[in-house]
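Examining the three-dimensional arrangement
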Amino acid sequence: MPLRIGDVAIDFPVGLGALAGYSDLPYRLICRSLGAPFCITEAMLDRQILLEGKLRKRLIRLDPADHPVAGQIMGIEPETMAEAARSLDRMGFDIIDLNFACPVRKVVSHKRGGALMKDPARALATVRAVIEAVPGRPVTLKLRRSFRTSDTANEDFWAIARGAFEAGAAAIAVHARSVEQKYTGRADWGFLAAVKREFPDRTILGSGDVTSPAESLRMLAETGVDGVLAARGAIGNPWFFGQARDLAAGRPPRQPALDEQREVIYRHFRLASEAYDPRRGLKMLRHCSLQYAKMHPRRTDLRNALVPVRTEAEWRAVIDAFYGA
Ligand SMILES: Cc1cc2nc3c(=O)[nH]c(=O)nc-3n(C[C@H](O)[C@H](O)[C@H](O)COP(=O)(O)O)c2cc1C
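Residues numbered from 1 in each chain as written. Predicted model: local features only at pLDDT ≥ 70, side-chain atom pairs only at ≥ 80, totals over all residues. Heavy atoms only, no water.

A count of helices and strands for the protein chain gives 14 helices and 11 strands. The C-alpha radius of gyration computed for the protein chain amounts to 19 Å, which stays within 12% of the reference 20 Å derived for 325 residues, consistent with globular compactness. Within the span of the protein chain, comprising 325 residues, buried residues form 57% of the whole. Within the protein chain, counting contacts between residues at least 6 apart in sequence, those at least 24 apart form 69% of the total. Put simply, the protein chain shows about 14,000 Å² of open surface, and 52% of that area lies on carbon and sulfur atoms. Counting 48 positive and 38 negative side-chain charges, the protein chain places the centres of these two groups 5 Å from one another. (Helix = DSSP H or I, 4+ residues; strand = E, 2+ residues; numbered from the N terminus. Rg over C-alpha atoms; globule rule 2.2 N^0.38 Å. Buried < 20%, exposed > 50% of the residue type's maximum accessible area, 1.4 Å probe, protein only. Contact = heavy atoms within 4.5 Å. Areas by Shrake-Rupley, 256 points an atom, 1.4 Å probe, with all protein chains shown as cover. Lys, Arg positive; Asp, Glu negative; His and termini not counted. Charge placed at Lys NZ, Arg CZ, Asp CG, Glu CD.)

This part covers the domain arrangement of the protein chain. Considered domain by domain, the protein chain is made up of domain 1 (3–248) and domain 2 (258–323). The centre of domain 1, based on its C-alpha atoms, is set 28 Å off from the matching centre of domain 2. In this complex, domain 1 contributes 19 residues to the contact, which on the side of domain 2 involves 16 residues. When domain 1 packs against domain 2, the two sides together hide about 1,500 Å² of surface, and 64% of this comes from carbon and sulfur. At the surface where domain 1 touches domain 2, the tally comes to 0 salt bridges. Put simply, domain 1 and domain 2 have 7 residue pairs in polar contact (both at pLDDT 80 or more) between them. In terms of residue count, helix α1 (residues 25–33) provides more of the side of domain 1 that touches domain 2 than any other element does, 5 residues in total. Looking at the side of domain 1 that touches domain 2, its residues break down into 9 nonpolar, 6 polar and 4 charged. (Domains from an automatic or database assignment. Buried area = accessible area lost by both parts, 1.4 Å probe. Salt bridge = Lys/Arg side-chain N within 4 Å of Asp/Glu carboxyl O. Polar contact = N/O pair within 3.5 Å; in protein donor to acceptor, adjacent residues only side chain to side chain. Nonpolar A, V, L, I, M, F, W, Y, C, P; charged D, E, K, R; others polar.)

This part is about the pairing of strand β8 (residues 139–146). Burial analysis of β8 places 8 of its 8 residues in the buried class, which makes it a mostly covered element. When β8 meets strand β9 (residues 171–178), the two strands line up parallel, connected through 6 bridges. In the sheet register, L141 faces β9, and the bridge partner there is I172. In this region the chain leaves β8, passes through helix α7 (residues 155–167) and returns to the parallel neighbour β9; the handedness of that crossover is right-handed. (Pairing = 2+ DSSP bridges. Right-handed = clockwise from strand over helix to strand, strands pointing away.)

The subject of this paragraph is unusual backbone geometry. With an omega of -5°, the peptide bond running from H67 to P68 counts as cis. Locating P68 in the fold gives a position in the loop between α3 (54–59) and β6 (69–74). In this structure, K111 takes a positive phi of about 70° despite not being glycine. Structurally, K111 is set in the loop between α5 (105–109) and α6 (120–133). Judged by relative accessible area, K111 falls into the exposed class, the value being 55%.

This brings us to the pattern of salt bridges. Enumeration over the complete set of coordinates arrives at 19 salt bridges. Between R122 and E77 there is a salt bridge; the shortest N-O distance is 3.9 Å. Taken together, the positions of R122 in helix α6 and E77 in the loop between β6 and α4 (78–91) put the pair 45 residues apart, joining distant regions of the chain. Ionic contacts of the salt-bridge type, sharing partners, join the residues R28, R32 and D66 into one network.

With that out of the way, let us pick up helix α8 (residues 189–198). For α8, every residue scored as buried is listed here: W189, F191, L192, A193, V195 and K196. Elements that come into contact with the buried residues of α8 comprise β8, α7, β9, β10 (203–207) and α9 (213–223). A side-chain oxygen of the first residue of α8 lies 3.1 Å from the backbone nitrogen of G190; this N-cap is D188.

Attention shifts here to the site of the ligand. By nearness alone, 16 residues border the ligand, and A18, Q72, S207, D209 and R232 come closest of all. Note that a nitrogen atom of the ligand is positioned 2.8 Å from one of the side-chain N or O atoms of Q72. N99 is positioned such that a nitrogen or oxygen atom in its side chain is 3.4 Å from a nitrogen atom of the ligand. Protein coverage of the free-state accessible area of the ligand, which is 610 Å², stands at 89%. Residue composition of the shell around the ligand, grouped by class: 7 nonpolar, 5 polar and 4 charged. (Near = heavy atom within 4 Å.)

The subject of this paragraph is the pairing of β10. Within β10, 5 of the 5 residues are buried, leaving the element largely enclosed by the surrounding structure. Burial along β10 is two-sided: T203, L205 and S207 and I204 and G206, pointing in opposite directions, are all buried. Summarising the sheet, β9 and β10 pair through 5 bridges and their orientation is parallel. What sits directly across from V174, in β10, is G206. Inspection of the sheet shows β10 paired to strand β11 (residues 227–230) by 2 bridges, in the parallel sense. Note on β11: the bridge partner recorded for L205 is G227. In this region the chain leaves β10, passes through α9 and returns to the parallel neighbour β11; the handedness of that crossover is right-handed.

Set out below in structure tokens:
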């Protein structure tokens, strides 16, 4: 079940979606090593991409083991978005993804992210400017099904999707909730099926309620989308992708033993300490190990033990005690 995004060939159709606070380089490398065929960065503000300095260095990291990877941009001005896309293109991102979906209040009130779902003219001006800026590089969009939950005609969605494909977009990814819904309620998989029916020859990626590897395959089968973006379901479970591959091949999904989980958690800590500084690396891993705990048979005890942890030594002691040193 290969997938194509423009000229980028992807060997399996379930990848890691964009996740602010999670889909950074360390976690992408962990997911890659366990079978993720493609990943999307956290949303990056166009202005931050263009800024020289520490924040940019922290945010924009590439690694030879992290391909194909889509760099996601969020912004307001088509020209600034295009400039940021040029910068990611030069750095070697395989795909440029435009975020028209983020529902965070501060983002929407600044007319970025999900705000574009009610401004098709600006959204399409951005798509055209970006495509023109990075000739030959696949450009994709992340959309919601609509801005308002009550907007079941989704006219702005269709205008953006149609216009984007006409302008040369390589794929659209659809989170099948409205911007107003944020992350609540059910994602409307029926809408994903309608999008695929409308654009049978285009690449459509589905997102929303991909809670498990089995659900990712169910989304492919029931909606007909070409690819699936795992999001919350893959937080704390980087084995998600290998498990989806197992299921697709008719094998039972492999469950990692506790010593393998420990090895991955320590590797994640090492990668985060290198990517950030050790202090920030520890903060991130304390947070991430609360998520990894969902794979542990004693998850509640483990979470309770992690909450008061402040130092690396305390954190290691909890991990070793629960995962068997
Ligand atoms: C913590 C968190 C951060 C997210 N950050 C981004 C982001 O930076 N860019 C983006 O396009 N989507 C982002 N999303 C949306 C997800 O990629 C996905 O579309 C959404 O969570 C629906 O999928 P799910 O129900 O399977 O989690 C984020 C979601 C969560 C929960």
